[in-house]
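What follows is the residue order along each chain.
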Amino acid sequence: MGCGSSTPAQPPPSSSNSSSGGGGGPSAPQTNSSEAPRSRQIEADLQRARHEEESKIKMLLLGAGESGKSTIFKQMRLLYGTERSEEDLRLYGVVARSNIVVAARKLCSHLRSLGLEEELDREAKEMDELEGGDHGGVNCRQAYDELMAYLVDNTAGAAAQDESSGSNGEMTKDWVGQSPRAGLAANNDAKLFLAHHESIRILWQSNTMKQVWAKRSAVNIIDSHKDYLNDIPRIASPDYRPSTQDVIIARVRTTHVVMEKYRIDGIDFEMYDVGGQRSERRKWIDCFDQVTAVIFVAALSEYDQTLAEAKRTNRMVEALELFRSVCNNRAFSNTSIMLFLNKKDIFAEKIMHSDIAAQRPFCDYAGPTKDFDHGVLYFIQKFKDCLIDDEFNDSFIHVTCATDTNNMEFVLDSTRTIIMTDNLKRSGFLGAD
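Residues numbered from 1 in each chain as written. Predicted model: local features only at pLDDT ≥ 70, side-chain atom pairs only at ≥ 80, totals over all residues. Heavy atoms only, no water.

A. Seen up close, the overall build of the chain. Along the chain, the regular secondary structure elements total 17 helices and 6 strands. Within the chain, residue pairs in contact and separated by at least 24 positions form 74% of the contacts whose partners lie at least 6 positions apart. Here the chain displays about 22,900 Å² of accessible surface, and carbon together with sulfur accounts for 50% of that area. (Helix = DSSP H or I, 4+ residues; strand = E, 2+ residues; numbered from the N terminus. Contact = heavy atoms within 4.5 Å. Areas by Shrake-Rupley, 256 points an atom, 1.4 Å probe, with all protein chains shown as cover.)

B. Inspection of the packing of helix α4 (residues 86–113) against helix α10 (residues 207–214) at higher detail. Two elements in contact, α4 and α10, have axes separated by 10 Å at closest approach and are oriented at 95°. Between α4 and α10, the interaxial angle falls into the category roughly perpendicular. Between α4 and α10, the contacting residues are Leu107, His110 and Leu111 on the first element and Thr208, Met209, Val212 and Trp213 on the second. Of the residues contributing to the contact of α4 with α10, the split by class is 5 nonpolar, 2 polar and no charged. (Axes fitted to C-alpha atoms, helices over the stretch in contact; angles between N-to-C directions. Parallel < 35°, antiparallel > 145°, perpendicular 65-115°, else oblique. Nonpolar A, V, L, I, M, F, W, Y, C, P; charged D, E, K, R; others polar.)

C. Representation of the pattern of salt bridges. In the structure shown here, the tally under the stated rule is 26 salt bridges. In this structure, the salt-bridge partner of Arg251 is Glu66, at a minimum N-O distance of 4.0 Å. Taken together, the residues Arg251 in the loop between α13 (244–249) and β2 (258–264) and Glu66 in the loop between β1 (57–62) and α3 (69–80) connect sequence positions 185 residues apart. The class for Arg251 is partly exposed, based on a relative accessible area of 23%. With a closest N to O distance of 3.7 Å, Asp88 and Arg77 form a salt bridge. Here the residue Asp88 occupies a position in helix α4, and Arg77 occupies one in helix α3, the gap between them amounting to 11 residues. Of the two residues, Asp88 and Arg77, both sit in the buried class. (Salt bridge = Lys/Arg side-chain N within 4 Å of Asp/Glu carboxyl O. Buried < 20%, exposed > 50% of the residue type's maximum accessible area, 1.4 Å probe, protein only.)

D. The sheet that holds strand β6 (residues 397–399), seen in detail. Across the sheet, 6 strands lie side by side as β2-β3-β1-β4-β5-β6; this open sheet has mixed pairing. If you trace the sheet from one side to the other, it starts and ends with β2 and β6, each paired once. Within the sheet, the average angular offset between the axes of one strand and its neighbour, ignoring direction, is 20°. Pairing of strand β4 (residues 293–299) with strand β5 (residues 336–342), which is carried by 7 bridges, proceeds in the parallel orientation. Each bridged residue has a counterpart across the sheet, and for Ala298 the counterpart in β5 is Leu341. Against the sheet, helix α14 (residues 315–327) touches β1, β4 and β5, its axis set at about 165° to β4. (Pairing = 2+ DSSP bridges.)

E. A look at the packing of aromatic side chains. Enumeration according to the criterion identifies 11 aromatic pairs in this entry. Between Phe362 and Tyr378, the aromatic rings sit 6.3 Å apart at their centres with planes inclined by 90°, giving edge-to-face as the arrangement. Residue Phe362 is located in the loop between α15 (344–350) and α16 (372–384), and its partner Tyr378 is located in helix α16; the two are separated by 16 residues in the primary sequence. Pair check on accessibility: Phe362 and Tyr378 agree, each one buried. On the basis of an interplanar angle of 75° and a centroid distance of 5.0 Å, the ring pair of Tyr378 and Phe379 is categorised as edge-to-face. Each member of the pair, Tyr378 together with Phe379, is buried. By the ring-pair criterion, three or more aromatic residues cluster together here, those being Tyr303, Phe347, Phe362, Tyr365, Phe372, Tyr378 and Phe379. Cation over ring: Lys58 sits above Tyr272, and NZ or CZ is 5.0 Å from the ring centre. We note Arg90 situated over the ring of Trp175; from NZ or CZ to the ring centre the distance is 4.1 Å. (Phe/Tyr/Trp six-rings, centres within 6.5 Å; stacked < 30°, edge-to-face > 60°. Lys NZ or Arg CZ within 6 Å of the ring centre and 35° of its normal.)

F. Summary view of the pairing of β4. When you tally the buried positions in β4, you get 7 out of 7 residues, the bulk of the element. Side-chain alternation along β4 places Ala293, Ile295, Val297 and Ala299 on one buried face and Val294, Phe296 and Ala298 on a second face that is also buried. Examined bridge by bridge, β1 and β4 share 4 bridges and lie parallel to one another. Across the sheet, residue Leu61 finds its bridge partner in β4, namely Ile295. Between the parallel pair β4 and β5, the chain is carried across by α14, and the sense of this crossover is right-handed. (Right-handed = clockwise from strand over helix to strand, strands pointing away.)

G. Here's a closer look at α4. With 28 residues, α4 extends 41 Å from end C-alpha to end C-alpha; this agrees with the ideal 40 Å at 1.5 Å per step. A positive phi of about 70° marks Gly115, the residue just after α4. (Expected span 1.5 Å × (residues − 1).)

Put into structure tokens, the structure is as follows:
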């Protein structure tokens, strides 16, 4: 019985082992003295990891394409993250130059579609008659013809295209150079910028182009790229290094989920940025697990624009429908949802010449024209109308300018406090109001 009744792998070395233990009861298993502290340490580590995971704030940026999500994502890093590396800056240098070429391409095409070429001819003649003009022998019509040949119609011969792109020797003198991370198309456009930046500058400064710019909503040009167009000589310089603002307004389409981590006042934050175009939204579901807060971004200024991927769909209508689906999604039933109505600066400028009520989806707007406050309140109510059950706290709504770091510092700090407080309420640590 007892130890003697078991079948040991080896016989005991002596009979005294079988007689010990006070009558043959089961002997206590022997444990290594170092295993118990190690086990306690592992358990403590697991508990600490669980606590950190539970206390972490996971924020998800959602919204339609070009609403400003990635700009807010970059502002978050600027305010709370690490500095950009030189490799990052070279990437954004290529992107900034490429963005200018993309804008010039769209503006030239739009000038032609608006039938303003004759007006450009008249302006060019007046320019030629002026003595001491700063166009250096090239007038706005000649600049336009050059850009149409090289950027739009591609009617310049292959040899001319190669010559215009500049030699490798010239590229090596340029601090930005090329960036493999930017992609082939962006690098090619950046080289075209260096070859034709003077013509872009001359055409941009023409009065005819000012008329085209006023009607830019028809071709979906990034409004903030006006800053690039106003600063072409600096961006074309061989010594050019992108400024913080250059990085903020740079447009790179988000085609995959991007995440960055921050530790702010002892709290860990994770922010996720996702592509907003329809083709990218199927990837959103991968980010829905254990989300603490959703920041939904919609551009106020896009009430008179259509989607790049669906020309008949109004961008604001798309944003409203998307907001409705997010707010009423079961995955976010216990999640704080913040609404950022972005691009308030462009909205304020646009309503001066584009009436809200003149847009078919918003013909019910009864407020005064050219009135910023009434226009903002109208669209806030449109978003509130998307909610089925929930009352949307006004403190969860912010009217923002994502390219303005001072504005975003205030908004993000306020948002962080609201999210943390709401999270504590939902967890039961704070009483509900």
